[in-house]
Amino acid sequence: MKDVWKGLCEKCDHKSCCNDYVTPFLTPSEFQNIKKIKDEHFADDVLIKNIKGYALKKKKDTNECIFWNNVQGCTIYQTRPFDCKLFPFDIYKINGKYTWVVYSCNENADWTWSEEILKMLEKEVITQDVIEHLDAFADLGRLDTSDKSYKYIKLRKVKINFNTR
């Protein structure tokens, strides 16, 4: 899979999503899956667009995810939430449409190569649980309330059939 990224991430000076981005949103079922393997207080209750969920905590006085380990990496990698699986891609609701975006400092890059990844994410990662919580995931308010400025590039409309999943 590394060849698919065409060396893009190795050229970027941004930190990873685990230590420098908006706190990931968790659905209640993602919260329960993580709770089965971690017995600590790792998330706070949130309500986004009247959708109940959770926000992963960060380590005290840092921007690092509570599950980030500088040696091991993500300590919940196999059960990481949807928000984490997407990075550096994300879904925002822009002009009323769910839209794929990519966080990038490389605004002029040719992103056509990412189509293969987006199709895979639509087919394998967007579950019924995600669809039921998509308005919370896709809410730009999380970025607006952040103290950071994230550059992103719009790629295309999200292609999933909301009725048959």
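Described in the following lines is the structure provided in the data block. Keep in mind the model is a prediction, meaning the values are calculated, not measured. By convention here, each chain's residues receive numbers from 1 onward along its written sequence. Owing to the predicted nature of the model, reporting of local features is limited to residues with pLDDT of at least 70; listing and counting of side-chain atom pairs is limited to 80 or more, with chain, interface and lining totals taken over all residues. To obtain the side-chain values, all non-hydrogen atoms of the structure were used and water was disregarded.

**Notes on the pairing of strand β2 (residues 43–48)**
Strands pair, by our definition, only if DSSP identifies at least two bridges between them. Here a helix means four or more residues in a row that DSSP labels H or I, a strand means two or more in a row labelled E, and each is numbered from the N terminus. The pairing of β2 with strand β3 (residues 51–56) spans six bridges and is classified as antiparallel. Each residue of the ladder has a partner; that of valine 46, found in β3, is glycine 53. Hairpin connection from β2 to β3: two residues lie between these consecutive antiparallel strands, with lysine 49 at a positive phi of about 55 degrees.

**Describing the packing of aromatic side chains**
The pairing test for Phe, Tyr and Trp rings, Trp by its six-membered ring, is centres within 6.5 Å, and the orientation test on the planes gives stacked under 30 degrees, edge-to-face over 60, and tilted for anything in between. Applying the stated criterion across every chain, the model contains nine aromatic pairs. Between phenylalanine 25 and phenylalanine 137 the ring centres are 5.0 Å apart and the planes differ by 80 degrees, which places this aromatic pair in the edge-to-face class. Placement of phenylalanine 25 in strand β1 (residues 25–26) and of phenylalanine 137 in helix α7 (residues 134–137) is noted, with a sequence separation of 112 residues between them. A 1.4 Å probe rolled over the protein chains alone gives each residue an accessible area, and that area as a share of the maximum for its type sets the label: buried under 20%, exposed over 50%, partly exposed in between. Residue phenylalanine 25 is classed as buried on the basis of its relative accessible area of 1%. Given a relative accessible area of 1%, phenylalanine 137 falls into the buried group. Ring geometry for phenylalanine 87 and tyrosine 103: centres 5.8 Å apart, planes at 25 degrees, overall stacked. Placement of the pair is phenylalanine 87 in the loop between α4 (82–86) and β6 (89–94) and tyrosine 103 in strand β7 (residues 97–103), with a sequence separation of 16 residues. With a relative accessible area of 24%, phenylalanine 87 lands in the partly exposed category.

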